[in-house]
Each structure stands twice: as C-alpha cells, then as structure tokens.
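Residues per chain, in single letters:
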Amino acid sequence: MAQLRLNLIGHGIDLTGAIKNTLEEKFKRLEKYLGDDERREVFADVIVRKEKHRSSVEIVIYNVFDHTLRIKKETDDLYTAVDYVVDAAEKQLRRLKDKVKTAGKHEAQRAKRQITLVEEEVVEKPIEIIEVEPELYKPISVEDAVLKLLGSKRDFVLFCNVETGNAAVVYRRKDGNVGLMEMPSCK
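Here is a short report on the structure shown in this document. These numbers were taken from a predicted model, which means no experiment stands behind them. (Residues numbered from 1 in each chain as written. Predicted model: local features only at pLDDT ≥ 70, side-chain atom pairs only at ≥ 80, totals over all residues. Heavy atoms only, no water.)

1. Digging into the packing of aromatic side chains
Then comes step 1: What the rule picks out here adds up to 0 aromatic pairs.
Then comes step 2: Looking at Lys73, its charged tip hangs above the ring of Tyr84, at a distance of 4.6 Å from the centre. (Phe/Tyr/Trp six-rings, centres within 6.5 Å; stacked < 30°, edge-to-face > 60°. Lys NZ or Arg CZ within 6 Å of the ring centre and 35° of its normal.)

Below you can see the structure in the form of structure tokens.
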C-alpha cells in the first residue's frame with residue numbers, strides 16, 4: 001500500500017500535538033486508495049485556517065493516479081471540517097481508483113480485440129495480373145500522344161513512335177509538365 005506523506009500547515013492557528021495526531025490519524029484512512037505499490041509515496045498538503053469563529057481545512061493530494069485532488073471545507077468546528085474533508089477525499093479517491101482499474105481492464109480488452117482483428121486481416125489475396133492491350137497498332141507522333149494524354153485522365157500513354165518505330169511513353173510529371181521516355185530497340 002502506498003504511503004501518504006502529509007505536510008501540515010497552520011494559518012492563524014498553532015497546530016498542537018493533539019491536532020497533528022488527529023489529522024494524521026484521520027488522513028491515514030486514505031492510504032488504502034492510493035495504490036498497491038508499497039515503495040510509492042503520495043504527498044499531500046493539509047492547510048488548517050482559523051479566522052475568528054470559522055475554521056477551514058483544505059487538503060491537496062498530489063500525483064495520485066496522475067491527478068491532483070483538492071478538497072476544502074469551512075465550518076464553525078475544526079474537527080467537523082476535518083471529518084468532512086476526509087470523507088470527501090475518501091469518496092473521490094475510491095472513484096478515481098475504480099476508474100483507473102476499469103480503464104486498465106478496458107484497455108486490455110481493446111488490445112485483445114485488436115490482436116484478433118490483425119490475425120483476421122492476414123489472409124492474403126493472390127495477385128491477379130490483368131493484361132491490357134496497348135494501342136501500338138497504329139504508330140503515332142509524339143505530339144499526337146501528348147494530345148491523347150492531355151485529353152484523358154490517364155497518367156501516361158504508351159505508343160509506337162512513328163518517327164523511330166520504337167515504343168515510347170509520354171507521362172504527366174509532378175511539376176505539371178509532360179515527360180517522354182523512348183524505349184531503345186529490343187533487337
């Protein structure tokens with residue numbers, strides 16, 4: 001069980017040994033909600049204020065499950081304020097601990113579901129090769145191939161160059177221009 005380290009601060013009141021013992025004893029109840037790690041220490045400021053006939057107790061618990069809790073109560077009686085703050089802190093810590101536990105469970109279930117989905121996606125489809133007839137039957141000029149490219153939504157046009165008799169490709173470049181690749185003769 002984690003340990004709660006209290007920093008007792010008094011404003012307008014001297015914290016006597018009896019008051020300090022009461023505060024430490026009451027706030028000791030909160031340790032069971034701070035987690036199971038015995039080496040872990042959680043720090044808290046307990047601020048006790050006394051103004052005329054009013055007493056207030058405020059606790060700020062730092063870094064408990066990556067949260068900071070702050071509870072304050074002002075009443076006529078100091079011990080009533082302490083009891084209220086301890087009860088409220090206990091309630092909030094219980095909720096926070098339950099929230100962290102259920103979030104961990106949900107995260108584990110979500111990870112398990114993702115592993116299952118990944119295993120199902122591994123099914124490989126065979127690659128299918130689809131032959132397309134090139135338009136090499138009638139040789140055309142480079143200018144005609146460029147016009148054919150610009151008049152379509154294609155990224156490239158493969159054609160037989162009328163001037164050289166070789167296969168050639170005109171393609172759209174990323175800079176907006178048109179490129180030409182002439183294939184050397186395979187003979």
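2. Brief notes about the pattern of salt bridges
Between side chains of opposite charge, a pair can form when the charged atoms approach closely.
Then comes step 1: If you walk through the whole model with that rule in mind, you get 10 salt bridges.
Then comes step 2: Its salt-bridge partner being Glu41, residue Arg5 comes within 3.1 Å of it at the nearest N-O pair. Here Arg5, found in strand E1 (residues 3–11), pairs with Glu41, found in strand E2 (residues 41–51); they are 36 residues apart in sequence, far enough to count as distant.
Then comes step 3: For the salt bridge of Glu31 with Lys28, the shortest nitrogen-to-oxygen distance reads 3.5 Å.
Then comes step 4: Taken together, the salt bridges that share partners define one network made up of Arg29, Asp87 and Glu90. (Salt bridge = Lys/Arg side-chain N within 4 Å of Asp/Glu carboxyl O. Helix = DSSP H or I, 4+ residues; strand = E, 2+ residues; numbered from the N terminus.)

3. Points about the sheet that holds E1
Then comes step 1: In spatial order, the strands read E1-E2-E3-E4; together these 4 strands make up an open sheet with mixed pairing. Of all strands in the sheet, those bounded by a partner on one side alone are E1 and strand E4 (67–75). When strand polarity is set aside, the average angle formed by the axes of neighbouring strands in this sheet is 15 degrees.
Then comes step 2: Two strands pair when backbone bridges link them, and E2 and strand E3 (residues 54–64) are joined in this way by 8 bridges, in the antiparallel orientation. Along E3, the bridge assignment pairs Glu51 with Arg54. (Pairing = 2+ DSSP bridges. Axes fitted to C-alpha atoms, helices over the stretch in contact; angles between N-to-C directions.)

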